[in-house]
Amino acid sequence: MQKAHDLGIDNFFVFGIRCKILDEKDLQLLYKWRNEEEISKFMDDRRFVSMQVLKFWYKKIYDKDITFPYIIYIENVPCAYIEIKNIDYVQSIAELGIYIFGNQYIGKGIAEKAALCWEILLAKLKIKTAFTYIHSDNIRSIAFIEKIGGIRTHSRGNFFVYTHEKEKRRKSLMRIAKKYNVEQEFLQMLKTIEVR
């Protein structure tokens, strides 16, 4: 994950949350969360994931620059996981993923602030179009993805596929930035990134 380090996106604090690139010592935490019923029931593969499988996955993605997994912290407490994966730099597309760790963090604005971080990461990686795959039973995530500008384009099995085009996504995210009084900071960060 050298590219994350080179781009300065391996560990950053913005909008009241810290995004830290996943490292091997975080796998135990990911293992616990990924196997919780509330999270796994909305995954494409609902089977129990062993620590061995997670370590294999981590080694597989570590040296490639097509997946960027992050743990989200609030006041040094890990509370969410986000990722940008399956990046195609030629077509400028990627897939987004998120899950919040536990009901105590739902409704606290963490997902919305994480979406602002996604946008910073997408800008740094020069990705214009993003996709999300949301299980058709995951009502909360469907509402969230639509709130941040996702447009449902089709279905794939039990999943709805959402497209996030840059302009529509940014318009929706500006409303979220305004809600948290960080719109100027958000705009300035994007301008700084895109001038380079």
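Please refer to the structure higher up on the page.
Residue positions are given per chain, counted from 1 along the sequence in the order it is written. Given that the model is predicted, a residue must reach a pLDDT of at least 70 before its local features are reported, and side-chain atom pairs must reach 80 or more before they are shown or counted; all residues, however, enter totals for whole chains, interfaces and linings. Each side-chain value is worked out from all heavy atoms of the structure, with water and hydrogens disregarded.

### What about the nonpolar core?
Item 1. Within this scheme, the nonpolar core is defined by two criteria: the residues are buried Ala, Val, Leu, Ile, Met, Phe, Trp, Tyr or Cys, and they are joined through side-chain atoms within 4.5 Å. Think of it in three bands: residues with accessible area under 20% of the maximum for their type are buried, residues over 50% are exposed, and the middle band is partly exposed, with areas taken using a 1.4 Å probe on protein chains only. Judged by nonpolar contacts, the single largest core of 48 residues is most densely connected at Tyr70 and Ile84.
Item 2. The contact partners of Tyr70, leaving out residues within four places of it in the chain, are Ala4, Ile9, Asp10, Phe12, Cys19, Lys20, Ile21, Leu22, Ala80, Tyr81, Ile82 and Leu121.
Item 3. Formed by 13 residues, the second largest nonpolar core is a distinct cluster that contains Leu22, Ile39, Ile71 and Tyr73. The contact definition used throughout considers only heavy atoms, calling two residues in contact when any of these lie within 4.5 Å.

### Some points on the sheet that holds strand E5 (residues 93-100)
Item 1. Strand order in the open sheet made by the eight strands is E1-E2-E3-E4-E5-E6-E8-E7, with mixed pairing throughout. Each end of this open sheet is capped by a strand with a single partner; those strands are strand E1 (11-14) and strand E7 (151-156). Strand-to-strand, the axes of this sheet are offset by a mean angle of 25 degrees, without reference to chain direction.
Item 2. Between any two strands, pairing holds if DSSP finds at least two bridges. Strands are runs of DSSP state E lasting at least 2 residues, helices are runs of H or I lasting at least 4, and numbering of each runs from the N terminus. When strand E4 (residues 77-88) meets E5, the two strands line up antiparallel, connected through seven bridges. Think of each axis as a best-fit line through the C-alpha atoms, taken over the contacting stretch in the case of a helix, with angles from 0 to 180 degrees between the N-to-C directions.

### Some points on helix H5 (residues 110-125)
Item 1. By this rule the span expected of a helix is its residue count minus one, scaled by 1.5 Å. Taking 1.5 Å of rise per residue, the 16 residues of H5 would be expected to cover 22 Å, and the 22 Å separating its terminal C-alpha atoms lies within 8% of that figure.
Item 2. Among the 16 residues that make up H5, 15 are buried, leaving the element largely enclosed by the rest of the structure.
Item 3. Lys126, located one to two residues past H5, shows a positive phi value of around 60 degrees.

### Looking at the pairing of E1
A regular strand carries its side chains on alternate faces of the sheet.
Item 1. By the alternation rule, side chains of E1 split into Phe12 and Val14, which are all buried, and Asn11 and Phe13, of which none is buried.
Item 2. Direction of pairing for E1 relative to strand E2 (residues 17-21): antiparallel, over a ladder of four bridges. Counterpart to Asn11 in the pairing with E2 is Lys20.
Item 3. Following E1, the chain reverses through two residues before pairing antiparallel with E2; Phe15 in that reversal takes a positive phi of roughly 55 degrees.

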